[in-house]
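Chain by chain, the residues run as shown.
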Amino acid sequence: MSTLSGAEPRPVGTPRIIGIVWGLLVLNTLGSAGAKTIVPLPRSLIQMVTMGALVAAFTLALAVNLRVRIRPSAYVFLLTLLLVSSVISSANLESGFGALFRCFRLTLFVGTLWLLTRWWGGGLTFVRHHIRMYYAVLGSVAAGLAVSPGAALPDLYGGRLVGALWPLTPPQIGQYAAVIIGLTVLLLLGRRTDKKSAAFIIVPSLVLLALTHTRTATLGLLVGLVLAIGSLLLTSAAARRFFTWAVLLATVAAVGFASMLQTWFLRGQSKENFSNLTGRAKVWDALLAAPRSTSEQLFGVGLGDKSFGGLPIDNSWLAVYNEQGLIGVTLVAAVIIVLGGVALLRPPSLQRACAIFLISYCAIASYTEAGLGDASPYLLHLALAASLLAAPTPAAAAPLSTPEVPRRHIPRWAQRSEVT
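Residues numbered from 1 in each chain as written. Predicted model: local features only at pLDDT ≥ 70, side-chain atom pairs only at ≥ 80, totals over all residues. Heavy atoms only, no water.

Caption draft 1: Looking closely at the confidence of the model for the protein chain. Across the protein chain, the average pLDDT comes to 85, with 85% of residues at or above 70. Mean pLDDT per element in the protein chain: helix α19 (residues 412–419) is the minimum at 50, and helix α17 (residues 377–389) is the maximum at 96. (pLDDT = per-residue confidence, 0-100. Helix = DSSP H or I, 4+ residues; strand = E, 2+ residues; numbered from the N terminus.)

Laid out in structure tokens, this is it:
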């Protein structure tokens, strides 16, 4: 696991503490609600840990960037506008005082990203931090499965894998596994890691993804990799070989294991339950049919727990519409459009491919998962994409070199005198 453990030199001027800051942001976005753990953890304790991680991340980022040197970032600027809109919608306390607390959390999250933009230069440093941290999270899931298989595969979730040590739901685990699988595959194709290190990441993550039975994460992984590898086909022979073999193996699997794949995909659900997306469609219809004032349509009801009528919304666009209104939906759409547009305009590269994978994954997952309007792993994935698409810093683009001293002209008569 050489390259993933940091064998590749860090960009000049990037402190090691930045990796800790990124890890704390990951910890903050793990959430405080999920499955029952082996040792019951009070929700107040979990919230204290996650919120404490965010405060620590902001403090450390400010400590290494005391002069508050930031780089222009359309992504973080749009998040700042979304934060302003969220504060306006939450000020009337329609969603309670918890809305103001969530606004404070989003403020720290966006502020930390602003402080980190100083080191966003299109490098792969943050990709490696991302993979390491989420792999550590998946390690805790695997440990919980080994210690107590019954708690990790409870009947409450239909035998799907959950976090038995830290409360993580199957969609969360599937998301983390899919993201690091996709990024590691791209690093392997770009020859930024070796096969042994890649297998050490990919194989266990694939097993955990399969145990979660998460369709959204699986679809996002496949579509994201197709788009990302497709962006490399014209410039990478390794990408062309991988794409060819992947298509061949997918065809064989579709023919030979069709019934098994269908059983895994349906998860024992009826066709009616599958067609209404496990009950999500009923919540969506009720949310859209609910009467709203003009203010609620424009700004929403304030940041909440992404639920409606006591049921989870499980759709980023409708959750944003409910909490931040049409203005919030417009800003979130602008985030996806801007990042996607910048990625398409960049020349083919490994960084561009990783960004395309992350953007496409988040766009696909937004249909059945909430999170694009508040501090969440999805905003962190998009922040990683923004860092990959950032223009290289002058120091990174033009490494320092000793200036060439101009050669002084010596007249011929002087040269003769030196010889004599």
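Caption draft 2: Focus on helix α2 (residues 43–63). Between the first and last C-alpha of α2 there are 30 Å, a value that for 21 residues agrees with the 30 Å anticipated at 1.5 Å per step. Every buried residue belonging to α2 is among Ile46, Thr50, Met51, Ala53, Leu54, Ala57 and Ala61, and all of these are buried. Buried residues along α2 cover an arc of 140° about the axis, so they all sit on one side. The inward-facing, buried residues of α2 contact α1 (17–28) and α4 (97–116). (Expected span 1.5 Å × (residues − 1). Buried < 20%, exposed > 50% of the residue type's maximum accessible area, 1.4 Å probe, protein only. Arc of directions from axis to C-beta. Contact = heavy atoms within 4.5 Å.)

Caption draft 3: Layout of the pattern of salt bridges. In this structure the tally under the stated criterion is two salt bridges. Close ionic contact of glutamate 323 with lysine 306 constitutes a salt bridge, the shortest N to O distance being 3.1 Å. Of this pair, glutamate 323 sits in helix α15 (residues 316–345) while lysine 306 sits in the loop between α14 (294–299) and β1 (307–308), placing them 17 residues apart in sequence. The class of lysine 306 is buried, set by a relative accessible area of 17%. Across the pair lysine 306 and aspartate 374 runs a salt bridge whose closest N-O atoms are separated by 3.2 Å. On the criterion of sequence distance, the pair formed by lysine 306 in the loop between α14 and β1 and aspartate 374 in the loop between α16 (350–365) and α17 is long-range, its members being 68 residues apart. Residue aspartate 374 is classed as buried on the basis of its relative accessible area of 5%. Three or more residues are tied together by salt bridges with common partners; here these are Lys306, Glu323 and Asp374. (Salt bridge = Lys/Arg side-chain N within 4 Å of Asp/Glu carboxyl O.)

Caption draft 4: Layout of the side chain of asparagine 315. Relative to the helices and strands, asparagine 315 resides in the loop between β2 (311–312) and α15. Given a relative accessible area of 4%, asparagine 315 falls into the buried group. There is a polar contact of 2.9 Å between the side chain of asparagine 315 and the backbone nitrogen of leucine 318. There is a polar contact of 2.8 Å between the side chain of asparagine 315 and the backbone oxygen of tyrosine 367. Discounting chain neighbours no more than four positions away, the residues touching asparagine 315 are Trp284, Ser366, Tyr367, Thr368, Glu369 and Ala370. (Polar contact = N/O pair within 3.5 Å; in protein donor to acceptor, adjacent residues only side chain to side chain.)

Caption draft 5: Structural context of the packing of aromatic side chains. Enumeration over the complete set of coordinates arrives at five aromatic pairs. Between tyrosine 135 and phenylalanine 200, the ring centres sit 5.7 Å apart and the planes meet at 45°, which makes this aromatic pair tilted. Separated by 65 residues along the polypeptide, tyrosine 135 in helix α5 (residues 125–147) and phenylalanine 200 in helix α8 (residues 195–212) bring together distant segments of the chain. (Phe/Tyr/Trp six-rings, centres within 6.5 Å; stacked < 30°, edge-to-face > 60°.)

Caption draft 6: A look at the packing of helix α7 (residues 170–189) against α8. Between α7 and α8, the shortest axis-to-axis distance is 9 Å and the interhelical angle comes to 155°. With respect to their mutual orientation, α7 and α8 come out roughly antiparallel. Between α7 and α8 lies a crossing whose hand is left-handed. Of the residues in α8, those touching α7 at Pro170, Ile173, Gly174, Ala177, Ile180, Ile181, Thr184, Val185 and Leu188 are Lys195, Ala198, Ile201, Ile202, Ser205, Leu206, Leu209 and Thr212. (Axes fitted to C-alpha atoms, helices over the stretch in contact; angles between N-to-C directions. Parallel < 35°, antiparallel > 145°, perpendicular 65-115°, else oblique. Left-handed = near helix turned anticlockwise from the far one by under 90°.)

Caption draft 7: Looking closely at the packing of α1 against α2. Two elements in contact, α1 and α2, have axes separated by 8 Å at closest approach and are oriented at 155°. Classified by the interaxial angle, the pair formed by α1 and α2 is roughly antiparallel. Every pair of crossing elements has a handedness; the one defined by α1 and α2 is left-handed. Counting all contacts with α1, which are made through Ile17, Ile20, Val21, Leu24, Leu25, Leu27 and Asn28, the residues of α2 involved are Val49, Thr50, Met51, Ala53, Leu54, Ala56, Ala57, Leu60 and Ala61. For the contact of α1 with α2, a count of residues per class yields 14 nonpolar, two polar and no charged. (Nonpolar A, V, L, I, M, F, W, Y, C, P; charged D, E, K, R; others polar.)

Caption draft 8: Summary view of a positive patch on the surface. A cluster of basic residues, Arg191, Lys195, Arg240 and Arg241, forms a positive patch at the surface. Here arginine 241 is to be found in helix α10 (residues 237–256). (Patch = residues over 30% accessible without salt bridge, like charges linked within 9 Å, V, L, I, M, F, W, Y side chains within 5 Å. Areas by Shrake-Rupley, 256 points an atom, 1.4 Å probe, with all protein chains shown as cover. Lys, Arg positive; Asp, Glu negative; His and termini not counted. Charge placed at Lys NZ, Arg CZ, Asp CG, Glu CD.)

Caption draft 9: Expanded view of the environment of leucine 232. Its location among the elements puts leucine 232 in the loop between α9 (215–230) and α10. Residue leucine 232 is classed as buried on the basis of its relative accessible area of 7%. In this structure leucine 232 touches Ala239, Ser349, Leu350 and Ala353, once residues within four positions along its chain are discounted.

Caption draft 10: Structural detail: the environment of proline 154. Structurally, proline 154 is set in the loop between α6 (149–152) and α7. Residues proline 154 and alanine 164 lie ten residues apart in sequence; the distance between their C-alpha atoms is 9.6 Å. If we skip the residues at most four places from it in the chain, proline 154 touches Gly159, Arg160 and Val162.

Caption draft 11: Spotlight on empty space enclosed by the protein. Going through the model one piece at a time under the given rule, you end up with one cavity of 30 Å³ or more. Space inside the largest cavity adds up to approximately 40 Å³. Leu78, Leu79, Leu82, Leu331, Val332, Val335, Leu372, Leu379 and Leu382 are the residues that line the largest cavity. Of all the secondary structure elements, the ones that give two or more residues to the lining of the largest cavity are α3 (74–90), α15 and α17. Among the residues forming the lining of the largest cavity, the class breakdown is nine nonpolar, no polar and no charged. (1 Å grid on protein atoms, 1.4 Å probe; cavity = no way out; pocket = protein on both sides within 12 Å on 5 of 7 lines; lining within 4 Å. Points joined across faces, edges and corners; volume = space filled by probe spheres on them.)

Caption draft 12: Quick peek at the environment of cysteine 103. Here cysteine 103 is to be found in helix α4. It is 9.4 Å that separates the C-alpha atoms of cysteine 103 and alanine 375, two residues lying 272 residues apart in sequence. Not counting residues within four places of it along the chain, the set of residues in contact with cysteine 103 comprises Leu83, Ser86, Val87, Ser90 and Leu303.

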